[in-house]
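One letter stands for each residue in the lines below.
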Amino acid sequence: VFLTNKNILNMIDKAKLQIGENSYEFPLIEGTENEIAIDIKTLRGVTDGVITIDAGYKNTGACQSAITFLDGEKGILRYRGYSIEELAEKADFLEVAYLLIFGELPSKEELQKFHEDIKENSIVDDDVRKILDAFPKSAHPMGVLSSLTSALTAFNPSNDKINNIDYERTKKSLYDNIVKVLGKIPVLVSWTYRKKLGLPLEYGDNSLGYVENILKMMFKKPNEDYVPNQVIITALNKLLILHADHEQNCSTSTVRIVGSSHAGLFASISSGISALWGPLHGGANQAVLEMLEAIREDGGDTKKYMAKAKDKNDPFRLMGFGHRVYKNFDPRAKIIKVAAYEVLNDLGIDDPILEIAKSLEKEALSDAYFVDRKLYPNVDFYSGIIYRAMGIPVEMFTVMFALGRLPGWIGHWCEMRLRKEPIGRPRQIYTGETYRVFKSISQR
Ligand code: CMC
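Numbering of residues begins from 1 in every chain and follows the order in which that chain's sequence is written. In keeping with the predicted nature of the model, local features appear solely for residues at pLDDT of at least 70, side-chain atom pairs appear and are counted solely at 80 or more, and the whole-chain, interface and lining totals rest on all residues. To obtain the side-chain values, all non-hydrogen atoms of the structure were used and water was disregarded.

Engineer: Can you explain the overall build of the protein? Please cite residues and give values.
Structural biologist: In terms of regular secondary structure, the protein is built from 19 helices and six strands. The C-alpha extent of the protein, read off along each of the three principal axes, is 80 × 70 × 60 Å. Nonlocal contacts in the protein, meaning residues at least 24 apart in sequence, comprise 71% of its contacts between residues at least 6 apart. Only DSSP runs of H or I covering at least 4 residues are called helices, and only runs of E covering at least 2 are called strands; the numbering of each starts at the N terminus. Throughout, a contact is declared for two residues whenever any of their heavy atoms are within 4.5 Å.

Structure representation (structure tokens):
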């Protein structure tokens, strides 16, 4: 009989653990989509010190969350119950940000007020410019963005104390910080980009939509009027929605764990940016483009690189393939692949990199190594191609991802604090030396 999670829970409501002679029972927890967890909160206490170990947290739930549902086997991704396909097709990024952070889609008035408040809070202190000036032009934009975000704490001292006494005040100060993050970080992103290109810095234009304003701040040429391009605005809106949340990924877990020590929102987001930077996470979009470029420069022999990816003695991995949780397909990759073709078509760009990407994808999808390990193209396989078509330098790709991920990080940070989660503090199994007597340097 095939037992679904639901069947299991109908039959039993406890998990049993046998260690030697002793047997212990732990309650099961069920989520709204019938996911089941064994609640081991009491494990150490009742077993006199036994813990679980799960490198990379592959089987460990760190929290209960009502923000994003993801089923990696079925390729389902939903924000607050709404499918990613529908949101990417029909929604505006700011609506999705509101949805992720506050739990419901905004009314027209709520959205307007949210946008107004963000605009009002988008001024970045001039001293932050001076910090930006001190970075060398060669600095990686993710390092610059993380540092500048952290620097914002100095200019926006944390007032996000969550307390029981005055819940309304707490909500107000949380809201103030949320609109500041969504107002100021796009300015930092545009400054980071313009600094890279040696362009004078731009400030926001309050007459524009949120996404269009980001594009203007990034792309406006000195002494020229900014001409909006609807294809690019639509594509960026879609990309930001696709990046907006992905439940307990590496950077979001980082934001939650930093925030769990009651560090402020800017400090927590700055660490999320650092976590996103790595090539196994958000940095994969840059790594994909660099890989495609390298294959092209090497004559375009995709088979050679497929063989390298499968060779266990070769550290090379096919970037943009595989995912910790998607073992069927990444629904974001499907949407983004179509969007990549549309953007290249609409902008009339013939990119040889796309041909290499298509061959790699085709070969991998019929190769036993990739099929057996359920390695499919992920969101980053195609996002870099769109960013490149938009004229964004490769090193900025992960910064764009960070911009999209802001609502997710904020939503999780607020959820974690409002649920009064305890400080994150994993245990370990010590494998080092046992007690040794110290010898002074002359005796060694
Ligand atoms: N190329 C070649 N082999 C791979 C790849 C790849 N891209 N990904 C996984 N494998 C192999 C891996 O060697 C292992 O093989 P074996 O079982 O023989 O030892 C098996 O597949 C399982 O891999 P894993 O590293 O244990 O899986 P994981 O869940 O720990 O890692 C991953 C997931 C995304 C880090 C990994 O697939 C990877 O490194 N992919 C390339 C980087 C990438 O595209 N990252 C972006 C993820 S999507 C953006 C985001 O949400 O962060």
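Engineer: A description of the packing of aromatic side chains should follow, citing residues and the corresponding values.
Structural biologist: Two aromatic rings, drawn from Phe, Tyr or Trp (for Trp, its six-membered ring), form a pair once their centres lie within 6.5 Å of each other, and the interplanar angle then sorts them: stacked below 30 degrees, edge-to-face above 60, tilted otherwise. On inspection of all chains with the given rule, the structure shows 14 aromatic pairs. Ring plane angle 90° and centroid distance 5.2 Å describe the contact between Phe381 and Tyr382, whose orientation is recorded as edge-to-face. Each of the two residues, Phe381 as well as Tyr382, counts as buried. Here a set of aromatic residues connected by ring pairs shows up, and it is made of Phe321, Tyr369, Phe370, Phe381 and Tyr382. A ring is scored as having a charge over it whenever the NZ atom of a lysine or the CZ atom of an arginine sits within 6 Å of its centre and within 35 degrees of its normal. A cation over an aromatic ring shows up here: Arg129 above the ring of Trp191, its NZ or CZ 5.6 Å from the ring centre. Cation over ring: Lys334 sits above Phe329, and NZ or CZ is 4.1 Å from the ring centre. Exposed residues in this analysis have more than 50% of their type's maximum accessible area, buried residues have under 20%, and partly exposed residues fall in between, with area computed by a 1.4 Å probe over protein chains only.

Engineer: With reference to specific residues and values, describe the site of the ligand.
Structural biologist: Nearness here has a simple test: a residue counts as near a molecule or strand if at least one of its heavy atoms is within 4 Å of that partner. In the vicinity of the ligand, 21 residues are found, and the nearest of them are His281, Arg317, Leu318, Gly320 and Arg324. Within 3.5 Å is the distance limit for a polar contact, defined as a pair of N or O atoms, with the added protein rule that one can donate a hydrogen and the other accept it, and that residues adjacent in sequence qualify only through two side-chain atoms. One nitrogen or oxygen atom from the side chain of Arg373 is found 3.0 Å from an oxygen atom belonging to the ligand. Using a 1.4 Å probe, accessible areas were evaluated by the Shrake-Rupley method; residue-level cover was limited to the displayed protein chains. Protein contacts shield 78% of the accessible area of the ligand, which totals 940 Å² for the unbound molecule. Here the term charged refers only to Asp, Glu, Lys and Arg, the term nonpolar to Ala, Val, Leu, Ile, Met, Phe, Trp, Tyr, Cys and Pro, and the term polar to all other amino acids, Gly among them. Among the residues forming the shell around the ligand, the class breakdown is nine nonpolar, five polar and seven charged.

Engineer: I'd like a description of helix α9 (residues 210-219), backed by residues and values.
Structural biologist: With eight of its 10 residues buried, α9 lies for the most part within the structure. Every buried residue belonging to α9 is among Tyr210, Val211, Asn213, Ile214, Leu215, Lys216, Met217 and Met218, and all of these are buried.

Engineer: Please give an account of the pattern of salt bridges that cites residues and values.
Structural biologist: Close approach of charged atoms lets side chains of opposite charge pair. Just to be clear on terms, a salt bridge is a Lys or Arg side-chain nitrogen sitting within 4 Å of an Asp or Glu carboxyl oxygen. One pass over the structure, following the stated rule, counts 23 salt bridges. The closest approach of N and O atoms between Arg388 and Glu293, which form a salt bridge, is 2.7 Å. Here Glu293 lies in helix α13 (residues 284-297) and Arg388 lies in helix α18 (residues 379-389), a separation of 95 residues in the sequence. Put simply, Lys308 and Asp314 hold a salt bridge, and the shortest N to O gap is 3.1 Å. Because the salt bridges share partners, they merge into one network encompassing Arg256, Glu415, Arg419 and Glu421.

Engineer: Kindly report on helix α19 (residues 397-418), identifying the contributing residues and their values.
Structural biologist: For a helix, the expected span equals 1.5 Å multiplied by the residue count minus one. Helix length check: α19, at 22 residues, gives a terminal C-alpha distance of 32 Å against a target of 32 Å (1.5 Å per residue), a fit within 8%. Burial runs high along α19: 21 of the 22 residues are buried. Of the residues flanking the end of α19, it is Lys420, one or two places downstream, whose phi is positive at about 55°.

Engineer: Explain empty space enclosed by the protein to me, and be specific about the residues and the numbers.
Structural biologist: Using only the protein atoms, space was sampled on a 1 Å grid; points where a 1.4 Å probe fits but cannot get out form cavities, open sets with protein on both sides within 12 Å along at least five of seven lines form pockets, and lining residues are those with an atom within 4 Å of a point. Grid points are joined across faces, edges and corners, and a volume is the space filled by probe spheres set on the points. In the structure shown here, the tally under the stated rule is one cavity of 30 Å³ or more. A class-by-class count of the residues in the lining of the largest cavity yields six nonpolar, one polar and three charged.

Engineer: Describe the sheet that holds strand β4 (residues 68-71), naming the residues involved and giving the relevant values.
Structural biologist: Note: strands within a sheet are paired through backbone hydrogen bonds, in either parallel or antiparallel orientation. Strand pairing is defined by DSSP finding a minimum of two bridges between the two strands. In space, the three strands of this open sheet follow the order β4-β5-β6, with antiparallel pairing throughout. Where the open sheet ends on each side, the last strands, each with one partner, are β4 and β6 (82-83).

Engineer: Which residues make up the side chain of Ser270, and what values go with them?
Structural biologist: For Ser270, the location among the structural elements is in helix α12 (residues 265-277). Leave out the neighbours within four places in its chain, and Ser270 touches Ser146, Thr149 and Ser150.

Engineer: So, the environment of Asp346: which residues are in play, and what are the values?
Structural biologist: Considering the arrangement of structural elements, one finds Asp346 in helix α15 (residues 331-347). Look at Asp346 and you get exposed, because its relative accessible area is 54%. With 114 residues separating them in the primary sequence, Asp346 and Ile232 have C-alpha atoms 9.4 Å apart.

Engineer: Pulling in residues and values, what's your account of the nonpolar core?
Structural biologist: Tyr79, Leu292, Leu318 and Ile385 are the most contacted members of the largest nonpolar core, which has 112 residues in total. The contact partners of Leu318, leaving out residues within four places of it in the chain, are Met291, Met306, Ala309, Leu360, Ala364 and Phe370. Residues belong to a common nonpolar core when they are buried Ala, Val, Leu, Ile, Met, Phe, Trp, Tyr or Cys residues joined through side-chain atoms within 4.5 Å.

Engineer: Let's hear about a nonpolar patch on the surface: which residues, and what values?
Structural biologist: A cluster of nonpolar residues, Leu17, Ile19 and Val50, forms a patch on the protein surface that exposes about 180 Å² of accessible area. Looking at where Ile19 falls in the secondary structure, it is placed in strand β1 (residues 14-19). Patches draw on residues past 30% relative accessible area with no salt bridge. Two like charges within 9 Å are joined, as are two nonpolar side chains (Val, Leu, Ile, Met, Phe, Trp, Tyr) within 5 Å.

Engineer: Requested: an account of the packing of α18 against α19, with residues and values cited.
Structural biologist: The axes are straight lines fitted to the C-alpha atoms, using for helices just the contacting stretch, and the angles between their N-to-C directions are given from 0 to 180°. Relative orientation of the contacting elements α18 and α19 amounts to 105°, with a least axis distance of 10 Å. As judged from the angle between their axes, α18 and α19 are roughly perpendicular. Side by side, α18 and α19 meet where Asp380, Gly384, Tyr387 and Arg388 of the first sit next to Phe397, Met400 and Phe401 of the second. Across the contact of α18 with α19, the residue classes tally to four nonpolar, one polar and two charged. Roughly parallel covers angles under 35 degrees, roughly antiparallel covers those over 145, roughly perpendicular covers 65 to 115, and oblique covers all other angles.

Engineer: Give me the sheet that holds strand β2 (residues 22-30): which residues, what numbers.
Structural biologist: As summarised here, the arrangement of the three strands in space is β1-β2-β3, forming an open sheet in which the pairing is antiparallel. Taken across any chain shown, the strands that pair with only one partner, and hence form the sheet edges, are β1 and β3 (36-38). For this sheet, the mean angle separating the axes of adjacent strands, direction not counted, is 30°. One ladder, built from three bridges, connects β2 with β3; its direction is antiparallel. If you follow Ile29 over to β3, its bridge partner there is Ala37.

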